[in-house]
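# Observations on chain architecture
As a plain string of letters, each chain reads:
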Amino acid sequence: MSVPEHLQQHLEAGRALCAGGGYRGRFAPSPTGVLHLGNLQTALLSWLAARQAGGAWLLRIDDLDTPRNRAGAIESIQRDLNWLGLSWDGPPVLQSERRGIYHSWLSWLRRSGRLFACRCSRRELSDQPIYPGICRQAEHAWGWQQQRLPSWRLRVADDDPHGSGDVVLRRADGFIAYQLATVIDELSFGITDVVRGADLREALPAQRSLFDALGQHPPLFRHGSLLRDAQGQKLSKRVASSGLASLRAAGMDAAMVVGRLASGLQLVDPDARLSATELLEDLTHQQINAVIS
Ligand code: GLU
């Protein structure tokens, strides 16, 4: 089944944005709290890579998972990026304002027989590294059963080179899955290059399978290393105290924080003190790219 006209136009609009061949990057935080230093380090790296390439850098707010959103987080994300001098292009993109386009793609995928309804519980799947296809052959019962809705999975070819298994595109709670929204948005905004935290490397196979299912080229996906806390654990946004507020309270200005984030990325010496723009001017393409893989 071919892609309907309005979705074709959607793809073409995205392609037109990157037609000139320029770099288009993005930073896509979830507004679940204040940005912690690890998020800010990722933001800095993503910004440096985009600006060094003379490219655009967009701010996208991944706010579809509404129960996890925190009041004021969207504003604090923008305030923190501005304070650090990490300017983005255009208005921030709110995924919550784009549900229509995600649903259009989802309906088309469903109508063209690419999806199936899955009623496996998280517990049933907990020891399976990839989804083993349990519900693939089940009757397409999309409605309520035993007071529960199914999740909607993309049927991924058995010879899928990415090893993603069948990807959930709509969750059993009715929410659009992150994988679908992010892939549609990379296409909508003509994103050519994604630089994000290494924790998202595990999301890549599913995203690649979805780009394949839509017959579209993915951007170049790369990842920076994650900042760990003293115990070697990945930092969580819930650890609000490790955000900018605590550094500011300790008397650090933006140049000191930029220096600290950049030294965490091994880009400058630990006591460096400089603005984001000065950092950008000091670094070469090779230096920035050496810390992204
Ligand atoms: N919103 C996701 C997160 O904060 C990031 C999405 C992405 O960069 O692909 O973990």
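Here we summarise the structure given alongside this text. (Residues numbered from 1 in each chain as written. Predicted model: local features only at pLDDT ≥ 70, side-chain atom pairs only at ≥ 80, totals over all residues. Heavy atoms only, no water.)

## Quick word on the overall build of the protein
Here is the rule we go by: Runs of H or I in DSSP of at least four residues are treated as helices and runs of E of at least two as strands, each being numbered from the N terminus. For the radius of gyration, the atom set is restricted to C-alpha positions; the globular benchmark scales as 2.2 Å times the number of residues to the power 0.38. Buried means the residue's accessible area, taken with a 1.4 Å probe over protein chains only, is under 20% of the maximum for its type, while exposed means over 50%, and partly exposed covers the values in between. The contact definition used throughout considers only heavy atoms, calling two residues in contact when any of these lie within 4.5 Å. Think of it this way: Lys and Arg go in the positive column, Asp and Glu in the negative one, and His and the chain ends go nowhere. Just so you know, the charge point we use is NZ for Lys, CZ for Arg, CG for Asp and CD for Glu.
The number of helices and strands found in the protein is 11 helices and 8 strands. Taking 2.2 N^0.38 as the reference for a compact globule, 293 residues should give roughly 19 Å; the C-alpha atoms of the protein span a radius of gyration of 20 Å, in line with that estimate. In the protein, buried positions account for 51% of the 293 residues. In the protein, once contacts between residues fewer than 6 apart in sequence are set aside, the share between residues at least 24 apart is 72%. For the protein, the distance from the average position of its 33 positive side-chain charges to the average position of its 30 negative side-chain charges is 6 Å.

## Quick word on the packing of helix H1 (residues 5–17) against helix H6 (residues 178–188)
Inclusion rule: A fitted line through C-alpha atoms serves as each axis, taken over the contacting stretch for helices, and the angle formed by two N-to-C directions is quoted from 0 to 180°. Small angles under 35 degrees read as roughly parallel and large ones over 145 as roughly antiparallel, with 65 to 115 read as roughly perpendicular and the rest as oblique. Ten residue types, Ala, Val, Leu, Ile, Met, Phe, Trp, Tyr, Cys and Pro, are classed as nonpolar, four, Asp, Glu, Lys and Arg, as charged, and the remainder, Gly among them, as polar.
Between H1 and H6, the shortest axis-to-axis distance is 7 Å and the interhelical angle comes to 55 degrees. Compared by their axis directions, H1 and H6 come out oblique. In this structure, H1 uses His10, Leu11, Gly14 and Leu17 to contact H6, whose residues at the interface are Ile184, Leu187 and Ser188. Counted by class, the contact of H1 with H6 contains 4 nonpolar, 3 polar and no charged residues.

## Things to note about the site of the ligand
We count it as follows: Definition of nearness: a residue and a molecule or strand are near each other if at least one heavy atom of the residue lies within 4 Å of the molecule or strand. Polar contact is the term for a pair of N or O atoms within 3.5 Å; when the atoms are in protein, one must be able to donate a hydrogen and the other to accept it, and sequence-neighboring residues count only if both atoms are side-chain atoms.
Taken together, Arg26, Ala28, Pro29, Ser30, Asp62, Tyr178, Thr182, Arg196 and Leu200 form the complete shell of residues around the ligand. At a separation of 2.7 Å, a nitrogen atom of the ligand approaches a polar backbone atom of Ala28. Within the side chain of Arg196, a nitrogen or oxygen atom sits 2.8 Å from an oxygen atom of the ligand.

## Re the side chain of Ser151
With respect to the helices, strands and loops of the structure, Ser151 is situated in strand S5 (residues 151–154). Under the relative-accessibility criterion, Ser151 is labelled buried at 9%.

## Here we look at the packing of aromatic side chains
Formally: Each pair of aromatic rings taken from Phe, Tyr and Trp, with Trp reduced to its six-membered ring, is defined by centres within 6.5 Å and is described as stacked if the planes are under 30 degrees apart, edge-to-face if over 60, and tilted in the remaining cases.
All told, the structure shown has 5 aromatic pairs when counted by the stated rule. Seen from their ring centres, Phe27 and Trp57 are 6.0 Å apart, and the 10 degrees between their planes marks the pair as stacked. In this pair, Phe27 is assigned in strand S1 (residues 24–27) and Trp57 in strand S2 (residues 56–61), connecting sequence segments 30 residues apart. Comparing Phe27 with Trp57 shows no difference in burial state: the two are buried.

## Focus: the state of the cysteines
This is how it is decided: The criterion for a disulfide is a pair of cysteine sulfur atoms lying within 2.5 Å.
The tally for this structure, following the rule as stated, stands at 0 disulfides. Unpaired in this structure, Cys120 has its nearest cysteine sulfur neighbour in Cys135, at a distance of 3.6 Å. Note on Cys120: relative accessible area 12%, which makes it buried.

## A closer look at the sheet that holds strand S3 (residues 93–94)
Heads up, the rule is: Criterion used throughout: strands pair if DSSP finds at least two bridges between them.
Across the sheet, 3 strands lie side by side as S1-S2-S3; this open sheet has parallel pairing. In the strand order of this sheet, the two ends are held by S1 and S3, each with one partner. The strands touched by helix H3 (residues 73–84) are S1, S2 and S3; relative to S2, the strand with the most contacts, the crossing angle is about 155 degrees. In this fold H6 packs onto S1 and S2, with an angle of close to 150 degrees to the strand it touches most, S2.

## Concerning the pattern of salt bridges
As a working rule, side chains carrying opposite charge can pair if their charged atoms are close by. Operational definition: Note on definitions: salt bridges are taken to be side-chain nitrogens of Lys or Arg within 4 Å of carboxyl oxygens of Asp or Glu.
Overall, the coordinates contain 13 salt bridges when judged by the stated rule. A salt bridge links Asp62 to Arg60; the nearest nitrogen and oxygen atoms lie 2.7 Å apart. Residue Asp62 shares its accessibility class with Arg60, and that shared class is buried. It is possible to trace a salt-bridge network through shared partners that takes in Arg26, Arg60, Asp62, Arg98, Asp185 and Glu186.

## Some details on H6
Of all 11 residues making up H6, 10 are buried, and the element is well covered by its neighbours. Of the residues one or two after H6, Gly190 is the one with positive phi, at around 55 degrees.

## Structural notes on helix H2 (residues 37–52)
Rule in force here: One fewer than the residue count of a helix, multiplied by 1.5 Å, yields its expected span.
End to end, H2 covers 22 Å across 16 residues, agreeing with the expected 22 Å (1.5 Å per residue, within 8%). Burial analysis of H2 places 15 of its 16 residues in the buried class, the great majority of the element. A positive phi of about 70 degrees marks Gly54, the residue just after H2.

## Here we look at the nonpolar core
Just so we agree on the cut-off: Throughout this description, the term nonpolar core refers to a set of buried Ala, Val, Leu, Ile, Met, Phe, Trp, Tyr and Cys residues connected via side-chain atoms within 4.5 Å.
Residues Leu44, Leu48, Leu81, Leu86 and Leu279 are the most contacted members of the largest nonpolar core, which totals 41 residues. Broken down by secondary-structure element, the contributors of at least two residues to this core are H2, S2, H3, helix H8 (244–249), helix H9 (254–264) and helix H10 (276–282). With 9 residues, H2 is the largest single contributor of residues to this core. Sequence-distant contacts of Leu81, defined by excluding residues within four places in its chain, comprise Phe27, Leu35, Ala43, Leu59, Leu86 and Trp88. Val3, Leu64, Trp105 and Phe189 belong to the second-largest nonpolar core, a separate cluster that totals 37 residues.

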